[in-house]
Every structure is written in C-alpha cells, then in structure tokens.
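# Breakdown of the fold
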Amino acid sequence: MRRLLTVTAVAACSAFFSAPVMANDGVQKLTEDPSQWVLQTGDYANTRHSKLKQIDTENVGKLQVAWTFSTGVLRGHEGSPLVVGDVMYVHTPFPNIVYALDLNDEGRIIWKYEPKQDPNVIPVMCCDTVNRGLAYADGKVFLHQADTKVVALDAKTGKVLWSAVNGDPKKGETNTATVMPVKDKLLVGISGGEYGVRCHLTAYDMNTGKQIWRAYSMGPDDEILFDPEKTMSLGKPVGKDSSLKTWQGDQWKIGGGCTWGWYSYDPKTNTVYYGSGNPSTWNPAQRPGDNKWSMTIFARDPDSGMAKWVYQMTPHDQWDYDGINEMILVDQEFDGKMRPMLVHFDRNGFAYTLDRKTGELLLAEKYDPAVNWATKVDMDKNSPTFGRPLVVEKYSTEHNGEDVNTTGICPAALGTKDQQPASFSPQTGLFYVPTNHVCMDYEPFHVSYTPGQPYVGATLSMFPAPNSHGGMGNFIAWDARKGKIVWTKPEQFSVWSGALSTDGGVVFYGTLEGYLKAVDAKTGKELYRFKTPSGIIGNVMTYTHKGKQYVAVLSGVGGWAGIGLAAGLTDPNAGLGAVGGYSALSSYTALGGQLSVFTLPQ
Amino acid sequence: MFSKLSLMRTGAVALCMALAPLSVSAQTLSKQGDPTPVKDEDGKYFDKSGAPTYNIKPDGTVDWATYSGYRRYHAECHVCHGPDGMGSTYAPALIDSLKTMDYDHFQEVVVGGRQNVGGGNEKVMPSFGLNKNVMCYLDDIYVYLRARSDDALGRARPAKREDKTPVITATEKACLGE
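Let us look at the structure shown here. (Residues numbered from 1 in each chain as written. Chains lettered and ligands numbered in written order. Predicted model: local features only at pLDDT ≥ 70, side-chain atom pairs only at ≥ 80, totals over all residues. Heavy atoms only, no water.)

## Topic: the overall build of chain B
The helix and strand tally for chain B stands at 7 helices and 5 strands. Listing the helices and strands of chain B from first to last along the sequence gives α-β-β-β-α-α-α-β-β-α-α-α. Looking at chain B as a whole, 57% of its 178 residues are labelled buried. Element-wise, carbon and sulfur atoms account for 58% of the exposed surface of chain B, whose accessible area totals about 7,300 Å². (Helix = DSSP H or I, 4+ residues; strand = E, 2+ residues; numbered from the N terminus. Buried < 20%, exposed > 50% of the residue type's maximum accessible area, 1.4 Å probe, protein only. Areas by Shrake-Rupley, 256 points an atom, 1.4 Å probe, with all protein chains shown as cover.)

Next up, the structure:
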C-alpha cells in the first residue's frame, strides 16, 4: 500500500475549502482569456494557439527583450511559465523550485517554493532532471516533483495546501511531466519505463489530494479500468483480458507503458486523452506479444477513470517509440464532413488523425519522408492487420534477433517528434510541428531485472537522416485532413521546443543552439531570431500585461537532446572519424537556466 | 585493496556491495599506465600492472571485451555520458576522465556512485554495485573507454572483432546467475 497523502497537511488545510466545484469552469474560462496562460498546453485541447495579435507578421521583426530572469538552476529547462492575472509562475528542473513573479513590479519574487528531495532521485530520471511545468486551477498552483510528490500550492502565498505521493523512486518511479486539472480532479502520470515500472494515470481530489482512481497501462481489466464490452478499439469491444493476453508470463508486471506526456480534455464529451510509453525492456525478444496497452492512445472518463476507447499505434515495440506525445483536439472538415478530430504526431513517425468520439482511425501518414521502419499503417477495415503498421523486416529488431545490430532505422528512438508539443492554428487550419530528423542502429540483447536499476536491454547509436540536408531537425507545417506536409524548414539540430502559433499569423519556436525564432504561419519564412543564453528545450508561451503582448520562453539546454547531441552525432556509414565539428551542440551553447521575455518596442 | 584481476571471477555483485561505501577522497589523479597487453587469458587481455586492457590489431580487429564494452556502454552509460564516451550536458566525457583516472578509481566510482549536488547544477553518478547488467561487464566497459581515451578506437561501432571464447561465455553466465 502506498501512503497517499501527508495526513497533517490535509487535516490542516481541508478546513479552508468549501464544497467541491462541479466542473472546473474556472480553468476553461481562464484558457479562453488569451491574456493569461494557465495550462502548459495553453488550453484543454492542447492547441498551444493564442488569439493575441498585437505581435504580427509585419512587426515581429522588431521584437526586443523586455526582461529576463535567471532560474538559478543549470539543468535542462522544459515546459513554460504560467501567467495568471498579474503573476507569472516559473518552475525549474530538479530541485523543482517554483517562483511567483510580480508582473506589476518588474518581476520581483513574491514567493519561492523549494522542495527538499533526496538527490538519489536524480540519476533515476532517465536523461536529465527536466520538469515540464506547473498547472493552475482554483487559486492553486500544482507541481509534480521529480520524486513523484504532487503538491498543491496556494497561488497567493506558495504555502503547501496538500501533497500526495504518487510513486517510489527507489523502484525507478519518477516524474518529469506536468499535471492536468479537470473538474474537481488532478490527473497525474508517472515515468520509469527504463526501470521496468508498470505505469499508470492517477486522479487525485483537487482539494484534498486524496486518490480517487488509478488506471494502469497494462494488467487485469480491473486495474487498467477497462470494460471488456464497452471499451472499444478500432470499432470493436476489446473483450476480456485484452492486456494480459498480449504478454507472456508475468512480464506485464514490469511492463512500462509510462504516462509522462501531455493530457488533453474535451469538456463536451467529458473525455481525457493521453498516450502510454514503451513496453520494457527495449529487448523485444524478452516480451513476446503485442504488449498492450503500451504505445497506446487512451480516451478515459475523468470521473471514473474508465477507458472509452484505445488504439495501440506500435504493437510489440522494437524501437522505443513511446506513444506519449500530445493529443491535439480540433474540429475540422474531413472528407467533406465536420469531425471531432484528435491529431497526434507519434514518435514512430506517423501522424494520426482519429475521430475522438469513437476512436475511429481516419488517417495515418508519415510526417517525415525519412521514416522507413514501416511502409504504412494498414487502413483496410477488412484486413486482419487493420490499424497496424506494416513493419519492414529489414528494420525489425525482433526479426533480426538478439545480439544483431539492425542498421539504418528511421526515425531513431527519440522519434520523429518527442514530447516537444506542436501547435494548431485555426487561422490556417494547420499544425506546426517541431521534429527530429535522426536515424539509428539498434541492437537488442538480454538483460536481467533488478528493482530500481535500469532495465534497458539495447545498444543504440544515432546519426542525422542520411541523404537529406545533413541537419538533425525540421520545423514543419502539417495538414491533418490530408496527411500532407505543407512546408518544411530544415534545422541543424533537432527542434526540441514546443511551438506557439498566434492570430498575428506568426509561429514561434526555440532551437537547441538557443534561438527564439518567429516564422510566417503561411509560408514558414523566418521573420525573427534572437539568440538566448542557452539552448532552448522549453515551450514558447504568450500573454498580455497592461494591454501589451509578451512572448516568453525558458532557455537551458539539456534533456535527451542535450545528452544525445552535445558531442555531435557520427554517421557510421560515413566511415570512422567523420564527425563534422559543426554537428556538436557543445560548440554552440552551454548550460544555463533563464527566462527571456520579449515584446515590441514602445 | 582491489584485486587487479577481473571482479567477475570473485562474484562481482557480492564483493561490490561491500565496497560501495568507500570514499573517493584518497584517490590520486593518475592515469592507468602503459596499455600494452602482456597477458592473454582466454581472450581477455591485461597490462603489466594487471589491469584489463584492449588489444586492437592493425587491421582494426578489436578484442571481445572492447566490443562488449562498446555495447554495454551504449546500453547503460550513454544516456548520461553521451555517445562514444564524449560527454553530454549532463555528465562528463569519460574519454577525458580516464586521462587522469586509473582502473581502481574508475571501479570505485561506478560501484559506489558519487554525488556532487548544489549550486544549481545537481550531478549524481548512480551506484551500479547492485546492477548485474553493469557489474558483470565492468571490465569490458573499462577496456572500451580506455581504448577510446587512448585514441586507439574511433567513435563508431567496432567493425571487426575477435570471437567470444567459451570461457568468457561461461564466466558471463556465472556472473549473471544464469
């Protein structure tokens, strides 16, 4: 049994709260006000689009730095600040400091919260100690710390209102993700796929921190919260033991399927959407079967946690293509009919368009032409492989077997896109997607499981996509109705920063060298760039203060990108020693955590 | 203190647990000496001080340990130390570390871990003493990094290698407890 809450905190604080609110109209309303930014993803639909248009294609070239703020932490800075009213909330990577800054007083620190966490959690977090940020609802700022403690802070004072413990770092359970406030609940994920953790989504009472439900990604029906008759997949009920049937023995108990990505919510149908990560280990030979429900899009009822529908994108993963990237909810015309769509750019290199009400698969197309591990996703409803990727044997690490190095697989394990979220502009009807243009060699081998120790089981080496522009990234515009790239802007490094589009017709994103860039949403033409102090893996956000529009982004190189690309990548096919010095990120930028805020000159 | 011979033979995991709490303070910053192999034990090579070493032929053929170390490094260490021992935004370049670090010191850090926290740049090297996927291959990882550090081996995957000898296979199995 887990200890779910700090008893004293709850006892001390519950007195302050009146009856729980019915639905979180508060968050919904705040996200409709473009002058504030209260969720990491901008809104419940995860569009990362702002209606602000003071800064537009005409004047964005004149953008200037208005003010800056050092976070005092040097690790990789993912996520973005929030703005609620006149206060900005800034978070940091481990130790997960939270600052409340007064926008009326030149960013003076109103309060600072710094949790005490065991440093032993640091090395358990695979690939840097990033944190993808805070969420705000009902006068509370929510933080999910590295050590999986979830805390609710009083937005005014920074006082801890309640805290809950979501996992155990000693077992490899950690957190990097943000949280999602929905109605009177807080939805929370967990990481640890490289440690054999069986991951889950958990709902806590927003006012007390009491655990309401927990839905595992794999296991018996009552633990994954599936109704065998009512939970649907590709138009059919999933049936009994839909997860257990796809694993051998007890492997599901250390099966991964982590939930470290983004969560979206459709208030109309009362449904939350999110994806699950890789099955563990990375050695597919040690886990025969489809390994459900890893690599899956989930649609759940936030009140009960019950799954409405699921779709597994990469059955029996052999490449580490986690399915955790954001689900963007938009209504667009598809084949002449308005559809409630869910659009998802998966690590596996396919962009999926589904009907979010029913889970019907409408379209799945490659969003980088380099993708080669599968020819396509089978769209024939009558085919026995309907909805599955048609895997190319040559690139199948399962087919080639243990101790064999499978070469030239595109994309690499970090995916055509990792967690860095895309944006959707209703103005153009297009998605703006930060991508990686990197391929890999992958050699699986046998590993033994020790609780709390890494459980990886593959060696991999990465290199820029061959026969292309030589760079490791692209920033693209995507049409999810047609499944087509509209324009591509090549980048030297993977684009590891979340995009922001605005009604000013501008799209913003950051680069690993440290540039904040603004491009024309219609054409991709670069309109502005500014080099911030460190590489950008944070997400761009915008807000207004006293009637003026600002654009803000966190710099601070790190994360998987900083680890993989710091020394540059070698192309094994180009022969020994062929690393161009140009490809080393470390010759462009160094560590540093800083917030940069931009605006137009007076 | 440490046996200069392979830890694997003496039941690496049990031994390493006992060693874990050692402090690093008494270390001298010195590189392991001449890497020339003077002894070949069933496909494993040792230098004159008894430390494991690489054996790379003029045509580029590497010994099994170097090859195995390449694989294990890229499974267990590169997520922090970057590809090919080159370092990252998160952890130091081990090909540089080995220039001032001998075999004993290397083992001690990997077995016991190390913390360097505070100042906004939290750095923690985990302790791998309990992890068979590392401990059973510690010499291999060392040998691989030693070759990289000496510039005897380039960045890519070694193209040609010696075969795994039956003794190496048997020792590996025993260490993993299989």
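## Examining the pattern of salt bridges
In this structure the tally under the stated criterion is 41 salt bridges over all chains. Between B:Arg71 and A:Glu443 there is a salt bridge, and its shortest N-O distance comes to 2.5 Å. Placement of B:Arg71 in helix H2 (residues 64–81) and of A:Glu443 in strand E30 (residues 438–444) is noted, with the two residues assigned to different chains. Measuring nitrogen to oxygen at the nearest pair gives 3.2 Å for the salt bridge that ties B:Glu41 to B:Lys39. The class of B:Lys39 is partly exposed, set by a relative accessible area of 38%. Via salt bridges that share partners, A:Lys489, A:Glu491, A:Lys517, A:Glu526 and A:Arg529 belong to a single interconnected network. (Salt bridge = Lys/Arg side-chain N within 4 Å of Asp/Glu carboxyl O.)

## Some words on the side chain of A:Glu173
Residues and elements named next belong to chain A. With respect to the element layout, Glu-173 can be found in the loop between strand E10 (160–165) and strand E11 (180–182). On the basis of relative accessible area, Glu-173 is assigned to the buried category, the value being 6%. At 2.6 Å, the side chain of Glu-173 forms a polar contact with the backbone nitrogen of Asp-168. (Polar contact = N/O pair within 3.5 Å; in protein donor to acceptor, adjacent residues only side chain to side chain.)

## A few points about the packing of helix H4 (residues 103–112) of chain B against helix H6 (residues 138–149) of chain B
All names here are of chain B. Axis separation between H4 and H6 bottoms out at 11 Å; the angle between their running directions is 125 degrees. The angle between the axes of H4 and H6 places the two elements in the oblique class. The hand of the H4/H6 crossing is right-handed. Between H4 and H6, the contacting residues are Tyr-103, Phe-106, Gln-107, Val-110 and Val-111 on the first element and Leu-138, Asp-139, Ile-141, Tyr-142 and Leu-145 on the second. Considering only residue class, the contact of H4 with H6 consists of 8 nonpolar, 1 polar and 1 charged. (Axes fitted to C-alpha atoms, helices over the stretch in contact; angles between N-to-C directions. Parallel < 35°, antiparallel > 145°, perpendicular 65-115°, else oblique. Left-handed = near helix turned anticlockwise from the far one by under 90°. Contact = heavy atoms within 4.5 Å. Nonpolar A, V, L, I, M, F, W, Y, C, P; charged D, E, K, R; others polar.)

## Some details on the interface of chain A and chain B
Note on interface size: it is often stated as the accessible area lost on association of the parts. Facing 42 residues of chain A, the contacting portion of chain B comprises 36 residues. The junction of chain A with chain B conceals about 3,300 Å² of combined surface from both sides, 54% of it contributed by carbon and sulfur atoms. Here B:Arg157 ties to A:Glu443 by a salt bridge, and the two come within 2.5 Å at their closest N and O atoms. Looking at the side of chain A that touches chain B, the elements that each hand over two or more residues are strand E31 (458–464) and helix H5 (559–565) of chain A. (Buried area = accessible area lost by both parts, 1.4 Å probe.)

## Focus: unusual backbone geometry
Note: most peptide bonds trans; most residues except glycine with negative phi. Residues and elements named next belong to chain A. Residue Lys-292 is joined to Trp-293 through a cis peptide bond whose omega torsion reads 0 degrees. Mapped onto the secondary structure, Trp-293 falls in the loop between strand E18 (271–275) and strand E19 (296–300). Put simply, Cys-410 and Pro-411 share a cis peptide bond, and its omega is 0 degrees. With respect to the helices, strands and loops of the structure, Pro-411 is situated in the loop between strand E27 (406–409) and strand E28 (423–425). Within the chain, Met-295 stands out as a residue other than glycine whose phi angle is a positive 55 degrees. Summarising the element assignment, Met-295 is placed in the loop between E18 and E19.

## Some thoughts on the packing of aromatic side chains
Residue and element names in this part refer to chain A. For the structure shown, the criterion picks out 34 aromatic pairs over all chains. Aromatic pair Tyr-44 and Tyr-265: ring centres 5.0 Å apart, planes at 80 degrees, arrangement edge-to-face. Residue Tyr-44 is found in the loop between helix H2 (25–32) and strand E1 (49–50), and its partner Tyr-265 is found in strand E17 (residues 264–266); the two are separated by 221 residues along the sequence. For the pair Tyr-44 and Tyr-265, one class covers both residues: buried. When the centroid spacing of 6.4 Å and the interplanar angle of 20 degrees are considered together, the rings of Trp-282 and Tyr-442 count as stacked. Here the residue Trp-282 occupies a position in the loop between E18 and E19, and Tyr-442 occupies one in strand E30, the gap between them amounting to 160 residues. Each member of the pair, Trp-282 as well as Tyr-442, is classed as buried. (Phe/Tyr/Trp six-rings, centres within 6.5 Å; stacked < 30°, edge-to-face > 60°.)

## Brief notes about the state of the cysteines
Residues and elements named next belong to chain A. Under the definition given, this model contains 3 disulfides over all chains. Across the disulfide, Cys-199 is cross-linked to Cys-258 (sulfur-sulfur distance 2.0 Å). Looking along the S-S bond of the Cys-199-Cys-258 disulfide, the torsion reads about 45 degrees, which is the right-handed sense. You can see Cys-199 sitting in the loop between strand E12 (185–188) and strand E13 (200–205) and its partner Cys-258 sitting in the loop between strand E16 (236–237) and E17, a full 59 residues away along the chain. (Disulfide = S-S within 2.5 Å.)

## Side note on the packing of H2(B) against H6(B)
All names here are of chain B. It is at 7 Å that the axes of H2 and H6 come closest, and there the two elements cross at 100 degrees. By the angle class used here, H2 and H6 are roughly perpendicular. Along its contact with H2, which presents Ala-65, Thr-66, Ser-68, Gly-69, Tyr-70, Arg-72, Tyr-73, His-74 and Cys-77, the element H6 presents Asp-140, Ile-141, Val-143, Tyr-144 and Leu-145. Of the residues belonging to the contact of H2 with H6, the class tally is 8 nonpolar, 4 polar and 2 charged.

## Re H4(B)
Residues and elements named next belong to chain B. Judged by how many residues are buried, H4 sits mostly within the fold: 9 of 10 residues are covered. The complete set of buried residues in H4 reads Tyr-103, Asp-104, His-105, Phe-106, Gln-107, Glu-108, Val-109, Val-110 and Val-111. Positioned one or two residues after H4, Gly-113 has a phi angle of 75 degrees, which is positive.

## Details of the nonpolar core
Residue and element names in this part refer to chain A. Counting residues in hydrophobic clusters, the biggest one holds 86 residues, and the most contacted among them are Met-88, Tyr-89, Phe-508 and Tyr-543. Element by element, the count of residues in this core is highest for strand E39 (residues 548–555), at 5 residues. Once residues lying within four places of it in the same chain are set aside, the contact partners of Tyr-89 are Pro-81, Leu-82, Val-84, Tyr-99, Ala-100, Trp-111, Leu-134, Val-141 and Ala-155. (Core = buried A, V, L, I, M, F, W, Y, C linked by side-chain atoms within 4.5 Å.)

## Some thoughts on helix H7 (residues 166–176) of chain B
Residues and elements named next belong to chain B. All of the buried residues in H7 are Ile-168, Glu-172, Cys-175 and Leu-176. Looking down the long axis of H7, one finds its buried residues gathered within 90 degrees of arc, a one-sided arrangement. Exposed and facing more than 90 degrees away from the buried side of H7 are Pro-166 and Ala-174. At the C-terminal side of H7, Gly-177 shows a positive phi close to 75 degrees. (Arc of directions from axis to C-beta.)

## Some words on the pairing of E10(A)
Residues and elements named next belong to chain A. As judged from the 5 bridges shared by strand E9 (residues 149–154) and E10, these two strands associate in the antiparallel manner. Note that in E10 the partner of Leu-153 across the bridge is Val-160. Between E9 and the antiparallel strand that follows it, E10, lie 5 residues; Gly-158 among them carries a positive phi value of about 80 degrees. (Pairing = 2+ DSSP bridges.)

## Comments concerning the pairing of E9(A)
Pairing geometry for strand E8 (residues 140–144) of chain A and E9(A), over 5 bridges, is antiparallel. Its bridge partner lying in E9(A), A:His144 is registered against A:Val150.

## A short note on the layout of surface pockets
Residue and element names in this part refer to chain A. Estimates place the volume of the second largest pocket at around 630 Å³. Lining the second largest pocket are 27 residues, and of these Asp-43, Tyr-44, Ala-45, Thr-47 and Lys-51 lie nearest its centre. When residues of the lining of the second largest pocket are traced back to their parent elements, those giving at least two are H2, E1, E17 and strand E21 (327–334). Looking at the lining of the second largest pocket, its residues break down into 10 nonpolar, 8 polar and 9 charged. (1 Å grid on protein atoms, 1.4 Å probe; cavity = no way out; pocket = protein on both sides within 12 Å on 5 of 7 lines; lining within 4 Å. Points joined across faces, edges and corners; volume = space filled by probe spheres on them.)

## Some thoughts on the environment of A:Lys53
Residues and elements named next belong to chain A. Within the secondary structure, Lys-53 sits in the loop between E1 and strand E2 (64–70). Taking the C-alpha atoms as reference points, Lys-53 and Gly-505, separated by 452 residues in sequence, lie 7.7 Å from one another. Among all residues touching Lys-53, those that are not within four sequence positions of it are Asp-503, Gly-504 and Gln-549.

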